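Here is how the chains run, residue by residue.
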Amino acid sequence: MIVANELRKQFSVRGNTLVAVGGISFQVGNSEVYGLLGPNGAGKTTTLRMVMGLIEPDSGWVEIGGVRTDTNRTAIRHQLGMISTNDGVYPWLSVREMLMYFADLYAVDPPVAQERLEELSDLLSIRSFLDQRCSTLSTGQKQRVTLARGLMHDPPVMLLDEPTRGLDVVGSQTVFEFIELLKSRGKSVLLSTHRLDEAERVCDRFGLLHHGTMRYEGTLGDLRQQTGKMHLVDMFIELIRES
Amino acid sequence: MIGSYFANGRLLRLCLKELRESLRDRRTLITLVLMPILVYPLLSMAMQRLIVGSASGSSDRSEYIIGVANEDAGGVLASAIAETSMAIEQGVRHSIQIRRNNQSLAKQPATIQDAIAGASEKDSADESNQTLGGSKAQFNIVVTDGITLQSALESGQIDLAVISARAESVAVRGNGFYPAYEFEVEFRDADVRSENAMLEFRKAMELVNDAQALRFRGPLPVSVRMVSTATGKKVDAMASLAGILPLILILMTITGAVYPAIDLTAGERERGTMEAMIATPAPRFLLLLSKYVAVVTVAVLTALANLFASWITLSIGGLGRALLGEKGFSLLALVQILPLLVIFAAFFSAILLAMCSFARSFKEAQAYLIPVMLVSLAPALVTLMPNIEFSTLLGIVPLVNILLLSRDIMTGSPQALPAFAAVFSTLLYAAAALVVASKLFGAESATSGSQETWSDLLRRPKRTQLLPDLGDLAVFLAMLFPVFFIVTNLFGQTQMSIGAKLWSNAGMLLVLFFVAPSIVAWYRRLNPQTTFLLRSWTGNLPQVRQRVVRGVGVLLSVCFMAAGLWIVAFEFLQLLKDYGFGLLALEQPEVLEKAKKEFALIPFWIILVTSAIVPAFAEEYFFRGYVLSAFRNRVSSLRAILYSALIFGLFHVITGSMLSLERFFPSTLLGLFLGFVAIRTGSLWPGVLLHAIHNGLVFWLTRFSTKELSDWFGSTNEHFPPIWIFASLASVTLGSALLYFITQRRFYENAT
């Protein structure tokens with residue numbers, strides 16, 4: 001369960017103030033996939049980072065599982081998983097070593113981590129290259145390793161930042177299946193993407209961001225009602241035209 | 001929560017991951033294995049050529065300058081050298097030819113004749129030339145005017161110094177009187193040129209012996225006594241090569257650390273693993289620590305590989321002896337230099353990590369590092385200069401101190417105070433750099449879009465802080481120690497009156513231990529009551545009566561402790577002395593007595609203020625205020641007391657321009673008790689009182705002579721009588737116990 005309330009963040013770039021996020025609120029329930037959508041520069045990543053606790057909001061707050069993130073950041077991080085496009089792998093470690101390393105970073109007990117590794121190697125079909133160095137993996141294999149890495153500590157909340165960027169159809173399909181898997185396990189998923197067609201497929205609810213503010217929010221049905229358009233793409237084009 | 005990262009060997013596994021990552025990388029292995037295997041043999045070949053080149057040059061055309069103190073000695077020397085030529089004339093050729101297979105002897109008799117003729121003409125001249133038969137070794141005799149023979153020899157103006165030259169007429173079996181020469185010659189130790197001059201001179205004199213043996217059928221030996229200058233100063237170009245080896249070792253250690261440092265920080269960012277790592281609940285300091293351990297390990301491995309390779313190269317080739325003197329590169333020197341390299345690796349790895357922590361890519365990190373390396377190389381090259389001495393002040397210059405100390409260890413003459421300063425300051429710098437690194441590490445990814453990483457370090461907090469940050473303390477100590485060291489040294493060397501010294505010392509203590517931490521505390525918005533314990537020692541007890549009982553009780557117990565502690569501390573020192581841990585001051589009784597006499601002329605109130613009250617306040621303010629509080633911020637009270645006492649002890653090792661290592665133990669002991677008092681009472685003042693009484697007692701006793709004191713205490717040796725020791729131990733125990741009970745809240749609950 002994620003609750004974001006009036007998140008606001010501005011950066012100063014060479015003396016100019018840039019409002020990245022200007023008061024955004026939303027909620028993501030358990031077993032729900034929430035799509036944070038918007039063109040580049042809409043404030044998606046900044047919002048995710050604030051939820052993550054990587055940057056502090058200027059005002060507003062985030063609750064994860066009923067606990068404010070600014071009260072106990074360390075405890076909150078145990079509840080969160082994050083996977084983003086830019087995520088890499090350690091070229092000189094084997095897949096197993098890398099996953100066990102992240103289990104250690106999340107203070108997961110080694111026997112528990114071992115069990116989870118077994119489970120994930122089947123779910124994400126990484127077993128065949130578990131003991132291979134990461135530098136020898138293909139892009140798709142690396143992607144699956146990254147997805148497994150996000151689940152090593154079995155967090156109730158998962159943040160996905162543009163998870164399909166740069167992936168082919170097969171790679172994207174793996175991600176969709178992964179999201180289905182998360183959903184089936186009762187996790188709250190916050191997904192940021194600019195691939196609206198994909199979002200339509202996997203998200204239960206949407207928040208359309210533009211210039212750091214939330215323009216439309218709700219299920220696909222709600223949005224269709226509000227905008228009178230059938231598809232997210234059309235809604236967006238309208239949004240951009242307005243500004 | 002953080003504790004779970006230390007459980008189940010997790011920290012070890014985190015370090016192992018970093019190590020795996022860097023050791024599996026081929027580029028690390030190249031610097032680690034390949035470089036030492038290649039560098040030292042190549043280097044030794046180059047050196048061999050250099051040495052062979054210079055050596056063959058010297059045997060071809062050697063002109064040695066022999067210094068004499070006066071013209072008489074010059075005359076004796078000239079006639080002795082002239083006899084070498086006569087010896088050649090009189091048929092000692094045979095023996096010469098055995099001695100050296102030399103064709104020039106037969107070919108150029110005329111030259112020798114001429115030389116002798118020339119010599120005899122100007123026998124009392126300031127300078128005379130003699131060509132030694134059989135070789136072209138030439139000795140120029142110089143009377144050193146103005147400077148002593150020793151300094152001329154040390155500065156390299158002359159190659160040999162004839163300290164005394166005597167020619168005694170000895171009757172030889174009816175053949176009349178002939179001179180028997182006796183020379184005392186000094187040469188520079190471990191200096192190839194001077195040693196060669198010595199060898200040539202001795203050969204020349206042996207030639208005279210042979211000639212006399214032929215003439216008189218009996219030896220009439222020329223006695224040559226050799227003295228080497230054992231000053232340990234290396235003045236010639238050859239010996240300064242001893243400075244190259246540490247420089248190479250250090251450079252290789254740096255090279256070993258650079259790659260993993262970049263790879264584990266900027267590299268991690270470039271590969272896109274940094275953010276996932278920072279997003280985990282693992283504390284950043286721990287992440288950095290594991291990287292630091294890995295970098296230091298690789299650096300130390302590189303150092304080991306290089307040390308070993310250089311040791312083998314130097315031992316096998318005989319190059320070691322040419323560079324470092326008779327003993328060559330001894331195993332002992334190797335064992336001593338290794339920890340130095342470890343300390344240096346610890347220091348430089350921290351610097352590297354701090355530099356790389358905010359680089360976003362490999363390229364950027366390299367761009368930061370190259371200027372740093374070049375800048376640090378400049379002073380490093382200074383250490384190659386032949387006349388540079390490892391002075392006390394250079395002891396606190398990073399990099400240079402380790403280089404000079406290694407050089408001195410290799411040539412076998414390290415000194416205690418600079419060595420201590422080098423090791424201690426380098427460790428402090430390492431800690432400070434590590435703190436800075438941990439604050440910079442991962443900061444960029446958190447504040448994406450803004451470049452406030454450096455200013456974050458110095459940001460003034462918005463709210464009042466109860467206790468100082470431990471990282472701040474490390475940085476503060478790293479800045480305070482060099483200043484403290486320099487100022488204490490200057491006081492030790494300047495020719496001030498004792499009174500002026502006392503006042504300026506007190507002033508320094510106030511500035512460094514009171515004013516400086518106060519400024520830091522103001523800037524960081526530290527609560528003075530909780531940080532410096534500037535509050536009453538009566539506690540927050542509800543009733544006036546209770547406060548009075550606690551207040552008086554604390555003062556009483558502190559007095560008990562003070563009454564006994566100085567004797568305990570003194571006996572501690574004496575015990576150390578008995579077990580061979582020398583007391584410098586007592587080994588020089590005349591210096592001590594003189595200081596005592598001067599001391600006695602100073603009014604006692606001045607001593608009391610400058611040496612008891614001011615130090616007590618300033619040191620308590622800093623060590624039990626700032627230092628202890630910073631530790632309390634992170635560790636348990638017990639550990640905080642221990643750590644702050646150790647730092648207190650280390651600072652007391654430096655006295656004037658001397659290093660009194662033995663003072664570490666009693667000072668640390670005192671620090672433990674003072675920490676205990678501060679923690680129990682929650683106030684600075686009882687500790688100040690204890691400290692002041694302790695210092696006051698010690699200085700009061702210096703006003704009496706040793707004899708007076710031993711009469712007083714009924715002691716026959718340098719120890720207190722057992723009854724005194726027992727009484728003081730009892731007094732300290734009683735005081736501590738009383739303090740313990742009287743500061744317990746329960747004590748008052750039961751009483752009322």
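See the structure above.
For clarity, every value in this text was computed on a predicted model and none was experimentally measured.

### A few points about the interface of chain A and chain B
Where the parts come together, the accessible area they lose is often given as the size of the interface.
Logical step 1: The partner chain B presents 32 residues to the 33 residues of chain A that form the contact.
Logical step 2: Roughly 3,000 Å² of surface becomes buried between chain A and chain B when both sides are summed, with 57% attributable to carbon and sulfur atoms.
Logical step 3: At the junction of chain A and chain B, the tally comes to 6 salt bridges.
Logical step 4: Joining chain A to chain B, the criterion identifies 15 residue pairs in polar contact (both at pLDDT 80 or more).
Logical step 5: Broken down by element, the residue count for the side of chain A that touches chain B peaks at 5 residues, all from helix α3 (residues 95–105) of chain A.
Logical step 6: Taken together, the residues of the side of chain A that touches chain B sort by class into 18 nonpolar, 7 polar and 8 charged.

### Looking at the pairing of strand β8 (residues 188–193) of chain A
Residue and element names in this part refer to chain A.
Logical step 1: Burial analysis of β8 places 6 of its 6 residues in the buried class, which makes it a mostly covered element.
Logical step 2: With burial as the criterion, each face of β8 is covered, one bearing Ser188, Leu190 and Ser192 and the other bearing Val189, Leu191 and Thr193.
Logical step 3: Pairing geometry for strand β3 (residues 33–37) and β8, over 5 bridges, is parallel. Across the sheet, residue Tyr34 finds its bridge partner in β8, namely Leu190.
Logical step 4: Where strand β7 (residues 157–161) meets β8, 5 bridges bridge the pair, whose relative direction is parallel. By the bridge assignment for β8, Leu159 is matched with Leu190.
Logical step 5: One crossover worth recording links β7 to the parallel β8 by way of helix α6 (residues 169–184), and it is right-handed.

### Section: the pattern of salt bridges
Think of it this way: side chains of opposite charge can pair up when their charged atoms draw near.
Logical step 1: Tallied over the full model, the rule gives 32 salt bridges over all chains.
Logical step 2: Residue B:Glu275 pairs with A:Arg49 through a salt bridge whose shortest N-O separation is 2.3 Å. In this pair, B:Glu275 is assigned in helix α12 (residues 274–278) and A:Arg49 in helix α1 (residues 44–52), connecting two distinct chains.
Logical step 3: A relative accessible area of 12% means that A:Arg49 is categorised as buried.
Logical step 4: Residue A:Glu118 is joined to A:Arg127 by a salt bridge in which the shortest nitrogen-to-oxygen separation is 3.1 Å.
Logical step 5: Using a relative accessible area of 33% as the deciding quantity, one classes A:Glu118 as partly exposed.
Logical step 6: Within this structure, B:Lys17, B:Glu18, B:Glu21, B:Asp263, B:Glu268, B:Arg271 and B:Lys291 form a network of salt bridges that share partners.

### Remarks on the packing of aromatic side chains
Residues and elements named next belong to chain B.
Logical step 1: Per the counting criterion, the structure on display carries 38 aromatic pairs over all chains.
Logical step 2: Seen in terms of ring centroids, Phe514 and Tyr621 are 4.7 Å apart; in terms of plane orientation they differ by 65°. Their pairing is edge-to-face. Here Tyr621 lies in helix α27 (residues 604–632) and Phe514 lies in helix α22 (residues 498–523), a separation of 107 residues in the sequence.
Logical step 3: Accessibility expressed as a relative area gives 5% for Tyr621, which makes it buried.
Logical step 4: Over the face of the ring belonging to Phe648 we find Arg624, whose NZ or CZ atom lies 4.3 Å from the ring centre.

### Quick notes on the sheet that holds β3(A)
Residue and element names in this part refer to chain A.
Logical step 1: Read from one edge to the other, the open sheet built from 6 strands follows the order β6-β7-β8-β3-β9-β10, with strand pairing classed as mixed. Since the sheet does not close on itself, it has two edges, and those belong to β6 (80–84) and β10 (213–218), each with one partner. Here the average twist between neighbouring strands, direction ignored, is 15°.
Logical step 2: Against the sheet, helix α5 (residues 139–151) contacts β6 and β7, and its axis sits at roughly 165° relative to β6.
Logical step 3: Packing against the sheet, helix α9 (residues 232–242) makes contact with β3, β9 (205–210) and β10, and its axis sits at approximately 25° to β9.

### Here's the deal with helix α32 (residues 722–742) of chain B
All names here are of chain B.
Logical step 1: For α32, which comprises 21 residues, the first-to-last C-alpha distance of 30 Å matches the rise-based estimate of 30 Å (1.5 Å per residue) to within 8%.
Logical step 2: Buried within α32 are the following residues: Ser728, Ser731, Val732, Gly735, Ser736, Leu739 and Ile742. The buried residues of α32 occupy one face: seen down the axis, they fall within an arc of 145°. Facing away from the buried side of α32 by more than 90 degrees, the exposed set consists of Pro722, Ile723, Phe726 and Thr733.

### Things to note about a nonpolar patch on the surface
Logical step 1: Taken together, the side chains of B:Ile30, B:Leu34, B:Met35, B:Leu38, B:Leu42 and B:Met45 present a nonpolar region at the surface, about 560 Å² in accessible area.
Logical step 2: For B:Met35, the position within the fold is in helix α2 (residues 26–60).

### Observations concerning the packing of α22(B) against α27(B)
All names here are of chain B.
Logical step 1: Their axes nearest at 9 Å, the elements α22 and α27 cross at an angle of 20°. With respect to α27, the element α22 is oriented roughly parallel. Of the two elements, α22 crosses α27, and the hand of that crossing is left-handed.
Logical step 2: Grouping the constituent residues of the contact of α22 with α27 by class yields 21 nonpolar, 3 polar and 1 charged.

Reading the values: the criteria
- Residues numbered from 1 in each chain as written.
- Chains lettered and ligands numbered in written order.
- Predicted model: local features only at pLDDT ≥ 70, side-chain atom pairs only at ≥ 80, totals over all residues.
- Heavy atoms only, no water.
- Contact = heavy atoms within 4.5 Å.
- Buried area = accessible area lost by both parts, 1.4 Å probe.
- Salt bridge = Lys/Arg side-chain N within 4 Å of Asp/Glu carboxyl O.
- Polar contact = N/O pair within 3.5 Å; in protein donor to acceptor, adjacent residues only side chain to side chain.
- Helix = DSSP H or I, 4+ residues; strand = E, 2+ residues; numbered from the N terminus.
- Nonpolar A, V, L, I, M, F, W, Y, C, P; charged D, E, K, R; others polar.
- Buried < 20%, exposed > 50% of the residue type's maximum accessible area, 1.4 Å probe, protein only.
- Pairing = 2+ DSSP bridges.
- Right-handed = clockwise from strand over helix to strand, strands pointing away.
- Phe/Tyr/Trp six-rings, centres within 6.5 Å; stacked < 30°, edge-to-face > 60°.
- Lys NZ or Arg CZ within 6 Å of the ring centre and 35° of its normal.
- Axes fitted to C-alpha atoms, helices over the stretch in contact; angles between N-to-C directions.
- Expected span 1.5 Å × (residues − 1).
- Arc of directions from axis to C-beta.
- Patch = residues over 30% accessible without salt bridge, like charges linked within 9 Å, V, L, I, M, F, W, Y side chains within 5 Å.
- Areas by Shrake-Rupley, 256 points an atom, 1.4 Å probe, with all protein chains shown as cover.
- Parallel < 35°, antiparallel > 145°, perpendicular 65-115°, else oblique.
- Left-handed = near helix turned anticlockwise from the far one by under 90°.

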